Amino acid sequence: MTETHTQHTAPPESAGLSGSIERRLRAYFEALGDDRPSAGLYERVVREVEVPLITIALEECGGNQLRAAALLGLNRNTLRKKIKELGLGSPKTLRRRKRGAS
C-alpha cells in the first residue's frame, strides 16, 4: 500500500504567521505615537500568543494533553503547568468549545 502525502507549500513570509505578528506589532507601536510601552513587553506578547496557541492546540486534539503537547513540541507536564498558569480551564471545557464551535 502506497502512502499519499499532501504537500503543503508555505505562504510567502509576508502572509505567514510571523508576517501577521510583525504587522500587528508595528501597528501597536504606531498607535502609541511618541510613547513607548511599559516594561515587560516581551512577556506580555509571549502570553498573548501563548494563550490562543495552547487553547487551539488543545481544541484541535479534543482536549488530549498528550497529543496537544506533541503538536506543540512540549513535554506534557510543561503543557499542564502552562494550562494551570494561564488559567485555561480543564480539557473537558476545551473539548466542549471545539464541538460547539462548528
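Asks: In this structure, what is going on with the packing of aromatic side chains? I would like to understand it.
Replies: To describe a pair of aromatic rings, you give the distance between the ring centres and the angle between the ring planes. According to the stated counting rule, one finds 1 aromatic pair in the structure shown. Considering the side-chain rings of Tyr 28 and Phe 29, the 5.7 Å spacing of their centres and the 85° angle between planes classify their relative orientation as edge-to-face. Owing to a relative accessible area of 34%, Tyr 28 belongs among the partly exposed residues under this scheme.

Asks: When you look at helix α2 (residues 41–60) in this model, what are you seeing that I'm missing?
Replies: One full turn of an α-helix is made of 3.6 residues, so residues set three or four places apart face in the same direction. Helix length check: α2 (20 residues) gives 29 Å between terminal C-alpha atoms against 28 Å at 1.5 Å per residue, within 8%. Within α2 the residues assigned to the buried category are Glu 50, Ile 54, Thr 55, Ala 57, Leu 58 and Glu 59. Where α2 ends, the next residue or the one after it, Gly 62, has phi of about 60°, a positive value.

Asks: In this structure, what is going on with the pattern of salt bridges? I would like to understand it.
Replies: Oppositely charged side chains can form a pair if their charged atoms are brought close together. Scanning the model with the defined rule gives 5 salt bridges in all. A salt bridge links Arg 26 to Glu 22; the nearest nitrogen and oxygen atoms lie 3.0 Å apart. Of this pair, Arg 26 and Glu 22 both sit in helix α1 (residues 17–32), 4 residues apart, roughly one helical turn. Among the charged side chains, a network of salt bridges with common partners joins Glu 43, Arg 47, Glu 50 and Lys 82.

What counts, and where the lines are drawn
- Residues numbered from 1 in each chain as written.
- Predicted model: local features only at pLDDT ≥ 70, side-chain atom pairs only at ≥ 80, totals over all residues.
- Heavy atoms only, no water.
- Phe/Tyr/Trp six-rings, centres within 6.5 Å; stacked < 30°, edge-to-face > 60°.
- Buried < 20%, exposed > 50% of the residue type's maximum accessible area, 1.4 Å probe, protein only.
- Helix = DSSP H or I, 4+ residues; strand = E, 2+ residues; numbered from the N terminus.
- Expected span 1.5 Å × (residues − 1).
- Salt bridge = Lys/Arg side-chain N within 4 Å of Asp/Glu carboxyl O.

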